[in-house]
Amino acid sequence: MREVAIIGVGITKFGELWNKSFRALGIEAGAKAIEDANLSGSEIDGVFIGNLSAGRFINQQHIDALVADYTGMATNHIPATRVEAGGASGGVAFRQGVMAVASGMHDIVMVGGAEKMTDLDDASINSVMDATADSEWEAEMGATFASLHAMIAQRMIHEGTATREEIASVAVNSHFHGAFNPNAQFKKAVPIETVLRSGPVATPLGMFDTAPISDGAASVVLCPLEDAKKYTDNYVKVAASAQASDTLALFQRPDITSYGATVAASQKAYQAAGITAADINVAEVHDVYSVGGIMALQDLGFYKKGEAGKAMLEGQCHYDSGKVAINTSGGLKARGHPIGATGVAQIVEIAQQLRGTADNRQVKGAKYGLAQNVGGTGSAVTVSILEAI
Amino acid sequence: MDVGIVSYGAYVPRYRIKPEEIGRIWGVDGKGMGKGLMINQKSVPSPDEDVVTIATEAARNMMARVPEVDPRDIGAIYVGSESHPYAVKPTSTIVAEAIEATPNMTAADMEFACKAGTAGIQVCMGLVGSGMVKYGVAIGADTSQGAPGDALEYSASAGGAAYLIGSEKIIAKINKTLSFTTDTPDFWRREGQPYPKHGGRFTGEPAYFRHITSAAKMMMEAVGTKPEDYDYAVFHQPNGKFPTRVAAQLGFTPEQIQYGLLTPEIGNTYSGAVPLGLANVLDHAKPGDRIFVTSYGSGAGSDAFDITVTDEMKNYKRDKAPVLEKVLADPIYLDYGTYAKFKGKIVMPE
Amino acid sequence: MAGVAREWREIPGRYNLKGTKCGNCGKIFFPGRSFCPVCRRASMGKMEDYDVCRTGKVFTFSVVHEAPESNNLQKPYVVAMVQTDDGVMITAQLVDVEFDKVQIGMPVKAVLRKLSTDGESGIIRYGYKFVPCE
C-alpha cells in the first residue's frame, strides 16, 4: 500500500446560499482544490463525492455523473463515484479516495462533498435527516433525529456523566471558533445562556444545540505521498483513515452514551498512525447536536467518561488552550452542516491547521490532526488522522 | 345449550372535559346544562385514538382475563360503531389481527347508531348457539361526534367494551334477548358528513322512550319477571337524565341502575354506552345476580337482554385487566383549545 | 403518498411486538431478524418467533417540540426508549402522560395507537406506543 498525501483543498462558504445551485457549489469547491494543488485538472483520474440525498433535496439522482460532467471529468471519461453514509457521507468518500490512491488503482483523486439543502422546505429536510436513523423502527414510531440525540443527552444527565450546561458548552465552543472562520455560517460567539434559553427542539436540547440547515461544498485532492512534492511544498500526509459500523437503530445498542463505532474507528486509526490520542493537537468532531461533541471527546480518548463536558465548559477546547483544540472551524454547529460536505470540510480544516494556514484560529505547532464524521446516531463513523510534514 | 358471556373488557380514554369549559366558549351556562343532562364530564380521545384503538384495547383486556382461551378459537368478530375510521375497510379485521384471532374466522363492522354493540352480541349468540363458531366477539365502541356549539358537544365522548360470547365457562348466562325496531328518524348522519343531525325533542318520547319501554316490557312479559327481580339494570344513556327517567317509568329504582350508569362521569359513548355500563355491573356482580339490559339505537331500535351471573364468576380472572373503576381513575382534564386540537377541529395546513 | 405494502408486511411487529429469539444463544431481537448477528451461521434456521413483553420501564425520553408533519396535531409529544420486562429495548411514543410526570424508570405498557395517516384520504397506520401503568 502506498502512503497518501493531500495536495490541495477547497471549500465554499457554508450557509443559506439562495443564489447558488448544487452544481455551482460543487464546481466552486472542486476548482479551488485543483488550483490549490497547482493542477490543470486533466491529471485527475478518479472522483469520489459524498452526498446524502440530492435525490430528495434537489430531486437529482446520479450525482456522480453530474459532478463528473460539470467538473470537466466526463470529457476524459474519468470514473466518478457517489458515496452515501448518512452524515458520514463525506468522511466515507474521503476514505474511498484514500484507498483508491493507496491501492495504486488511482494516482490523482479528487474527493468532494456537497449538499444543497435549502431548495427543500424545512419539514421535508427534517424527514430526510430522520431517515438517517432507522426509518421503520425509529422515525416511523415518532422519533425525530433530534429526539434520538436528546434521549442520549437525557441519559447522560441521568447517569451523571454530563450536565445540561456542559452539553450546551459544546455549542458555545463551536460558536467561539466560528467567529474566526470567514466561511462559517455563523460568525458570532454566543454565551451559554443563549444556548440554554433557546427554544426547545427535543428536550433537553434546544435550537442552539442543533446544527443548522446549510448549503455548501468542500473538496480535497489526493496523490501518492512520494509524488506530492511534484505539485506543492505545502502538502499534508494522511496518517490514517479508518471506518467502523454499528447497528442502524440506537435502541439496539448496549450503551447509548458512547458510540462504539467511534471507539473502534479511532483505535484502528491511532494504530495505523502509530500514535495515541494524546498526540492529537487539533480535532474536528461531529457536533450535529451538542451532545455528540461530548461523546466524541470521550470515545476518541481525549477525555475519560464524565470529564469531556467539564473540559468543554472550562474552555479547554479553544484553539489557544494548549490542549487538543476542538472544532476550530466552528464545527457543524457554527461552520454549518451541508450534510455530504461536512466530512470533507473537516478534512479541509485539519489540513489547513497542519499547513499553518488557519489564520487567526491557528493552533500553534499542530503536528497531528483528527477528523471524526458520524452517520446516523453512530451507525457509521470515520476517523481520519492527518500529519504535518 | 347455554350461551353467554365468557369474558369482557372495557376501555375509556384518559382525557376529560367538563361542560362548563365547553359552555365558556359558546356563552352558555355549561354547568347548568351539565346539571340538566346529568353530565359532570365527558371522555375525550387522544389524537392518536380512534374506534380501532379503543376496540383493540377493550378486546385485549377481554382476552387478558381468559388466558386459557386460544384466540384462534374465535370464529367471528363484530365491531359496532358509528365512527369507524374508514368508510370502506373494516375496523374488525384490524382488531382481529391485534388479538391474533386471524385468519380462520369471519369479521364485519356494524352500524346501528348507539346499539350496534348490542346488535353484535345478538349475532354472536346466534353463531355460538347454532354451533357455527366456538367463540364470537362483539364490541361496541365510538369516538362520537358532536358539532361545535351543538347540545351534543356536551355529551359526545369516547370509549368501548368487548364481549367474548361462548357456551363454555360462561360467567353470565344470557337467558333471552329480543328487539323492538321501527323506522324513526330521530338522529342521523349522512355519508361524508362530519357531524350528525338530530330531531331535537323528537329524540325523546317517540324515539328513546317508546323503543326502550316497549322492548323492556316485552322482555319482562316474555320471561315472566318484574323490575324487582333484578339486581342491576342497564339502559342506554345518551345523558344521565334519560336512563334515570326511563328506569323510573318502568319501575326500576335508582340503586338498580347506579352501577350501569357511567354517562355522568364519561359522557355518551354511543355504541360503547350499554356495553360499558354492563361491564361496570359485571365488575361488581356476584354469582346469582340477575341483570336487565336494554340498549337503544336511533333510527330506531332497542335490544333487551335478560342475564344471570353464574358460579363461574368465582373462577374468572377479572384482575388480569383493569376494572372500570381503575380505568376511570386519574383522568387528565383538557381546556377547550386542547380539546379542539385533539378532536381535529383546528384546520391544519395540507 | 407511500405504498401500503411496506407497513402491511410489518403488522406482526407493529401490532403485537412480534420479534425473534436465537435458538442457539437465546438472544431476543426486536424487530425480528432472520439470523443472529452474534451466532451468525450457527443460528441459521434456528430463529424462533418471540412475543416481546408488553410492559417495561422508561430507559430515557425526550419531549419532541419540532415534530414531523404527520404528528402536528400531537406536538409536543414524548418519545422514549423503553426497556421491556424481558430486557428488550424499544423506541416508541409515550402517550396519555403529563410531561412533568415522565421520568426514567417509570413503568409503562404497550398499547395500539394511530402512528400516522396519509392525509385525509390515505391509509391509517397503527402500531405500538406506551402509556403509564402501575
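Each value, and the rule that gives it
Residues numbered from 1 in each chain as written. Chains lettered and ligands numbered in written order. Predicted model: local features only at pLDDT ≥ 70, side-chain atom pairs only at ≥ 80, totals over all residues. Heavy atoms only, no water. Helix = DSSP H or I, 4+ residues; strand = E, 2+ residues; numbered from the N terminus. Rg over C-alpha atoms; globule rule 2.2 N^0.38 Å. Buried < 20%, exposed > 50% of the residue type's maximum accessible area, 1.4 Å probe, protein only. Contact = heavy atoms within 4.5 Å. Areas by Shrake-Rupley, 256 points an atom, 1.4 Å probe, with all protein chains shown as cover. Domains from an automatic or database assignment. Buried area = accessible area lost by both parts, 1.4 Å probe. Salt bridge = Lys/Arg side-chain N within 4 Å of Asp/Glu carboxyl O. Polar contact = N/O pair within 3.5 Å; in protein donor to acceptor, adjacent residues only side chain to side chain. Axes fitted to C-alpha atoms, helices over the stretch in contact; angles between N-to-C directions. Parallel < 35°, antiparallel > 145°, perpendicular 65-115°, else oblique. Left-handed = near helix turned anticlockwise from the far one by under 90°. Pairing = 2+ DSSP bridges. Phe/Tyr/Trp six-rings, centres within 6.5 Å; stacked < 30°, edge-to-face > 60°. Expected span 1.5 Å × (residues − 1). Nonpolar A, V, L, I, M, F, W, Y, C, P; charged D, E, K, R; others polar.

*Asks:* Quick question: what am I supposed to make of the overall build of chain B here?
*Replies:* Along the backbone of chain B there are 12 helices and 14 strands. In summary, chain B has a C-alpha radius of gyration of 19 Å against a globular reference of 20 Å for 350 residues, a match within 12%. Dimensions of chain B, computed from C-alpha atoms along their principal axes, come out at roughly 55 × 45 × 40 Å. Classification of the 350 residues of chain B by burial places 60% in the buried group. The contacts of chain B with a sequence gap of at least 6 include a subset with a gap of at least 24, amounting to 79%. In the structure as shown, chain B presents an accessible area of about 13,300 Å², 52% of it carried by carbon and sulfur atoms.

*Asks:* Looking at this model, I keep getting lost on the domain arrangement of chain A. Mind explaining?
*Replies:* By a widespread convention, an interface's size corresponds to the accessible area lost as its parts come together. Residues and elements named next belong to chain A. Splitting chain A by domain gives domain 1 (4-121 + 214-236) and domain 2 (133-212 + 238-388). Each of domain 1 and domain 2 has a C-alpha centre, and these two points are 23 Å apart. The interface of domain 1 with domain 2 comprises 44 residues on the first partner and 36 residues on the second. Carbon and sulfur atoms supply 64% of the area that domain 1 and domain 2 bury against each other, a total of about 2,900 Å² over both sides. At the surface where domain 1 touches domain 2, the tally comes to one salt bridge. As a salt-bridge pair, Asp36 and Arg355 come within 2.9 Å of each other at their nearest N and O atoms. Put simply, domain 1 and domain 2 have 13 residue pairs in polar contact (both at pLDDT 80 or more) between them.

*Asks:* When you look at the environment of A:Gly322 in this model, what are you seeing that I'm missing?
*Replies:* Residues and elements named next belong to chain A. Mapped onto the fold, Gly322 is located in the loop between helix 12 (308-313) and strand 10 (325-326). A relative accessible area of 77% places Gly322 in the exposed class. With 11 residues separating them in the primary sequence, Gly322 and Lys333 have C-alpha atoms 23 Å apart.

*Asks:* Is there a simple way to think about the packing of helix 6 (residues 204-223) of chain B against helix 7 (residues 241-250) of chain B in this case?
*Replies:* Two quantities define a packed helix pair, namely the angle between the axes and the distance from one axis to the other. Residue and element names in this part refer to chain B. Contact geometry of helix 6 with helix 7 gives a least axis separation of 11 Å together with a crossing angle of 45°. On the basis of the axis angle, helix 6 is oblique to helix 7. Regarding helix 6 and helix 7, the two cross each other, and that crossing is right-handed. Across from Gly204, Tyr208, Phe209, Ile212, Thr213, Ala216 and Lys217 in helix 6, the residues of helix 7 making contact are Phe242, Pro243, Arg245, Val246, Gln249 and Leu250.

*Asks:* When you look at the interface of chain C and chain B in this model, what are you seeing that I'm missing?
*Replies:* With 25 residues of chain C at the interface, the matching set in chain B holds 25 residues. Area buried by chain C at its contact with chain B is led by C:Leu73, C:Asp96 and C:Leu112, which between them contribute 28% of it. In this assembly, chain C and chain B are joined by five salt bridges. Between C:Glu98 and B:Arg14 there is a salt bridge, with its nearest N and O atoms 4.0 Å apart.

*Asks:* Looking at this structure, I do not really get the interface of chain A and chain C. What am I missing?
*Replies:* Facing the 27 residues of chain A at the interface are 33 residues of chain C. Between chain A and chain C the total buried area reaches about 2,800 Å² when both faces are included, carbon and sulfur atoms providing 58% of it. Area buried by chain A at its contact with chain C is led by A:Trp137, A:Met141 and A:Phe251, which between them contribute 27% of it. Viewed at the interface, chain C and chain A are joined by one salt bridge. With a closest N to O distance of 3.4 Å, C:Arg6 and A:Glu136 form a salt bridge. The tally of links from chain A across to chain C stands at 14 residue pairs in polar contact (both at pLDDT 80 or more). Of all the secondary structure elements, the ones that give two or more residues to the side of chain A that touches chain C are helix 5 (122-130), helix 6 (135-139), helix 7 (145-159) and strand 5 (200-202) of chain A. Of the residues forming the side of chain A that touches chain C, the biggest block, six residues, is contributed by helix 7 of chain A.

*Asks:* Quick question: what am I supposed to make of the sheet that holds strand 8 (residues 172-184) of chain B here?
*Replies:* Within a beta sheet, neighbouring strands are joined by backbone hydrogen bonds and run either parallel or antiparallel to one another. Residue and element names in this part refer to chain B. Pairing in this open sheet of nine strands is mixed, and the strands run 5-4-6-7-1-8-13-12-11 from one edge to the other. Whereas interior strands pair on both sides, the edge strands pair on one side only; in this sheet they are strand 5 (106-110) and strand 11 (232-235). Averaged over all adjacent pairs, the angle separating strand axes in this sheet is 20°, with direction ignored. Sheet topology places strand 4 (residues 74-80) next to strand 6 (residues 135-143); six bridges connect them, and they run parallel. The residue bridging Val79 from the neighbouring strand is Ile139, located in strand 6. Packing against the sheet, helix 4 (residues 91-98) makes contact with strand 4, strand 5 and strand 6, and its axis sits at approximately 130° to strand 4.

*Asks:* Before we go on, may I ask you to explain the pairing of strand 6 of chain B in this structure?
*Replies:* The two faces of the sheet receive side chains in turn, since in a regular strand these alternate between them. All names here are of chain B. With nine of nine residues buried, strand 6 is to be regarded as a mostly interior element. On strand 6, burial covers both faces: Tyr135, Val137, Ile139, Ala141 and Thr143 on one face and Gly136, Ala138, Gly140 and Asp142 on the other are all buried. Note that strand 6 and strand 7 (residues 158-166) share eight bridges and pair antiparallel. Each bridged residue has a counterpart across the sheet, and for Ala138 the counterpart in strand 7 is Tyr163.

*Asks:* Just checking my understanding: could you explain the pattern of salt bridges for this structure?
*Replies:* When the charged atoms of two side chains with opposite charge come close together, those side chains can pair. Scanning the entire structure with this criterion turns up 35 salt bridges over all chains. C:Arg113 serves as the salt-bridge partner of B:Glu49, at 3.2 Å between the closest nitrogen and oxygen. Of the two residues, B:Glu49 sits in the loop between strand 3 (42-44) and helix 3 (51-64) while C:Arg113 sits in strand 7 (residues 107-117), which places them in two different chains. Assessed through its relative accessible area of 5%, B:Glu49 is described here as buried.

*Asks:* Explain the packing of aromatic side chains to me, please; I cannot follow it from the model alone.
*Replies:* Two numbers describe a pair of aromatic rings. These are the distance of the centres and the angle of the planes. Residue and element names in this part refer to chain B. A full pass over the atoms with the stated rule returns 22 aromatic pairs over all chains. Ring centres of Tyr230 and Phe252 lie 6.3 Å apart, and the angle between their planes is 45°; on these two criteria the pair is classed as tilted. Placement of the pair is Tyr230 in the loop between helix 6 and strand 11 and Phe252 in the loop between helix 7 and helix 8 (254-257), with a sequence separation of 22 residues. Like Tyr230, the residue Phe252 is buried in the burial classification. Centre to centre, the rings of Tyr336 and Tyr339 are 5.3 Å apart; their planes meet at 55°, and the pair counts as tilted.

*Asks:* What exactly am I supposed to notice about helix 14 (residues 339-355) of chain A here?
*Replies:* Three- or four-residue spacings in an α-helix give side chains the same orientation, since the helix completes a turn every 3.6 residues. Residues and elements named next belong to chain A. When the terminal C-alpha atoms of helix 14 are compared, their 25 Å separation across 17 residues agrees well with the 24 Å that a helix rising 1.5 Å per residue should span. With 17 of its 17 residues buried, helix 14 lies for the most part within the structure. Downstream of helix 14 by a residue or two, Gly356 has a phi angle that is positive, lying close to 80°.

*Asks:* Would you explain the domain arrangement of chain B in this entry?
*Replies:* All names here are of chain B. In terms of domain boundaries, chain B breaks down into domain 1 (4-171 + 329-342) and domain 2 (172-312). Taking the mean C-alpha position of each, domain 1 and domain 2 sit 16 Å from one another. With 53 residues of domain 1 in contact, the opposing surface of domain 2 contributes 49 residues. Summed over both partners, the interface of domain 1 with domain 2 buries about 3,900 Å², with 61% contributed by carbon and sulfur atoms. The largest per-residue losses of area from domain 1 upon contact with domain 2 belong to Met38, Cys114 and Ile171, which jointly make up 16% of the total buried on that side. Taken together, the residues of the side of domain 1 that touches domain 2 break down into 27 nonpolar, 18 polar and eight charged.

*Asks:* When you look at the side chain of A:Gln353 in this model, what are you seeing that I'm missing?
*Replies:* Along the chain, the position of A:Gln353 falls in helix 14. The contacts of A:Gln353, once residues within four sequence positions are left out, are A:Val282, A:Thr328, A:Ala358, A:Arg361, A:Gln362, A:Val363 and A:Ala366.

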